[in-house]
Amino acid sequence: MNKFLDISTEVAEALANNKPVVALESTIISHGMPWPQNAETAKKVEQVIRDNGAVPATIAIIDGRLKAGLSHEEIDTLGQAGLSVIKCSRRDLPYVIAKKEHGATTVAATMIIAAMAGIKIFATGGIGGVHRGAQNTFDISADLQELAKTNVAVVCAGAKSILDLALTREYLETQGVPVLGYNTDSLPAFYTRDSDHTVDYNLTDALQISDFLQAKWSMSLNGGVVIANPIPEEYAMEKEIIGNAINQALKELDEQGVGGKESTPFLLARVAELTGGDSLASNIQLVFNNARLASAIAIEMSK
């Protein structure tokens, strides 16, 4: 057990008894939306997982302690602190721990802490990836490198559509990260159900996905798996509307010189403004959808 890691009683008991557990990230709480909607949404996602037969383990850093499983009070702490909480990827964890500060975990950091705790399934909105223009900026999310080496499966609605999906797809292929589509041959593009890019394999139920994961890790083929779950039809956005909003947000990003780990929060917030909040509503619904699928996979994995 890592000396910096605290596993909540509920999560520890579930793991000890081989019950299904689903990890959740915390960047969506501190950097994803305003208080109190951020904390309310995080608690609702946890409830979705409970309603579908699994145990939620929201992951974050509180006062320099890695947490697998947050109390409602800890979720509120992150929600109220908002953007003042450090957004943590792999590189940031030692600093936040050493300084005994709060940290909100990205996909990469959530995978690291989930793996420490022994949690194999993680539900999120969308993974990070290769940013548009990366051939000039080398702006590539650490999420992709983490997927190449950490044994956690990530259920998501594809990569965030603010990214360069073609380059993201190529990077994952080079790193040997399988991209599974849940009842789809097309890579979902976060706000929309499909894109011009394919997945590696189309698997049609949670048992097939569980069998795939167990085969992969039983052969010591280290690294994660992307499980791409399209946003439900009724919450998907029109491609032209979301495309125009993204292009406008990218233009403003460049004009204002925003870069690094501030890029994604800036773009998502600006897209939400430009779509009159529709993109945020879609974002919340796709997270709920991913939580349901992750719970079903975790149940199969625990059998």
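Thresholds applied
- Residues numbered from 1 in each chain as written.
- Predicted model: local features only at pLDDT ≥ 70, side-chain atom pairs only at ≥ 80, totals over all residues.
- Heavy atoms only, no water.
- Phe/Tyr/Trp six-rings, centres within 6.5 Å; stacked < 30°, edge-to-face > 60°.
- Helix = DSSP H or I, 4+ residues; strand = E, 2+ residues; numbered from the N terminus.
- Buried < 20%, exposed > 50% of the residue type's maximum accessible area, 1.4 Å probe, protein only.
- Contact = heavy atoms within 4.5 Å.
- Axes fitted to C-alpha atoms, helices over the stretch in contact; angles between N-to-C directions.
- Parallel < 35°, antiparallel > 145°, perpendicular 65-115°, else oblique.
- Left-handed = near helix turned anticlockwise from the far one by under 90°.
- 1 Å grid on protein atoms, 1.4 Å probe; cavity = no way out; pocket = protein on both sides within 12 Å on 5 of 7 lines; lining within 4 Å.
- Points joined across faces, edges and corners; volume = space filled by probe spheres on them.
- Salt bridge = Lys/Arg side-chain N within 4 Å of Asp/Glu carboxyl O.
- Nonpolar A, V, L, I, M, F, W, Y, C, P; charged D, E, K, R; others polar.

Would you mind showing me how to read the packing of aromatic side chains here?
The relation between two aromatic rings is expressed through the spacing of the ring centres and the mutual angle of the planes. With the rule as written, the count across this model stands at two aromatic pairs. With centroids separated by 4.7 Å and ring planes inclined at 75°, the aromatic side chains of F190 and Y191 adopt a geometry described as edge-to-face. Ring centres 6.4 Å apart and planes at 50° place the aromatic pair Y201 and F212 in the tilted group. You can see Y201 sitting in strand β10 (residues 201-203) and its partner F212 sitting in helix α10 (residues 206-218), a full eleven residues away along the chain. Look at F212 and you get partly exposed, because its relative accessible area is 23%.

Quick question: what am I supposed to make of the side chain of S210 here?
Relative to the helices and strands, S210 is located in helix α10. S210 sits in the buried class, given a relative accessible area of 1%. In this structure S210 touches I297, E300 and M301, once residues within four positions along its chain are discounted.

Looking at this model, I keep getting lost on helix α6 (residues 107-117). Mind explaining?
Each full turn of the α-helix corresponds to 3.6 residues, which orients residues three or four apart in the same direction. In terms of residue burial, α6 counts as a mostly covered element, since nine of its eleven residues are buried. Taken together, the buried positions of α6 are V107, A108, A109, T110, M111, I112, I113, A114 and A117. G118 sits one or two residues past α6 and shows a positive phi near 90°.

Looking at this structure, how should I read the packing of helix α11 (residues 239-256) against helix α12 (residues 263-274)?
The angle between the axes and the distance between the axes are what describe a pair of packed helices. Two elements in contact, α11 and α12, have axes separated by 9 Å at closest approach and are oriented at 130°. Considering their axes alone, α11 and α12 lie oblique with respect to each other. Classified by chirality, the crossing of α12 by α11 is right-handed. Note on element contacts: α12 touches α11 through S263, F266, L267, R270, V271 and L274, opposite I242, A245, I246, Q248, A249, L250, E252, L253 and Q256.

I tried to follow empty space enclosed by the protein on my own but got confused; where do I start?
In this approach, a probe sized like a water molecule rolls over the atoms, and the result shows the empty space that is left. Enumeration over the complete set of coordinates arrives at one cavity of 30 Å³ or more. Volume-wise, the largest cavity comes out at about 50 Å³. In terms of lining, the largest cavity is formed by I127, C156, G158, A159, T168, R169, L172, V179, L187 and V226.

Whenever I open this one, the pattern of salt bridges confuses me. Can you help?
Here the idea is simple: oppositely charged side chains can pair when their charged atoms come close. Counted under the stated rule, the structure contains 15 salt bridges. Where K43 meets D76, a salt bridge forms, and the shortest distance between an N and an O atom there is 2.8 Å. Residue K43 is found in helix α3 (residues 37-51), and its partner D76 is found in helix α4 (residues 72-81); the two are separated by 33 residues along the sequence. What makes D76 partly exposed here is its relative accessible area of 21%. Residue R91 is joined to D92 by a salt bridge in which the shortest nitrogen-to-oxygen separation is 3.4 Å. Take D92: its relative accessible area is 11%, and that puts it in the buried class. Several salt bridges share partner residues, and in doing so they unite D6, R65, K67 and E74 into one network.

Got a minute to help me understand the layout of surface pockets in this structure?
By volume, the second largest pocket amounts to about 310 Å³. As for the second largest pocket, its lining consists of 15 residues, and the residues nearest its centre are R132, S161, L165, A189 and T192. Here the element with the most residues in the lining of the second largest pocket is α11; it accounts for five residues. Grouping the constituent residues of the lining of the second largest pocket by class yields five nonpolar, six polar and four charged.

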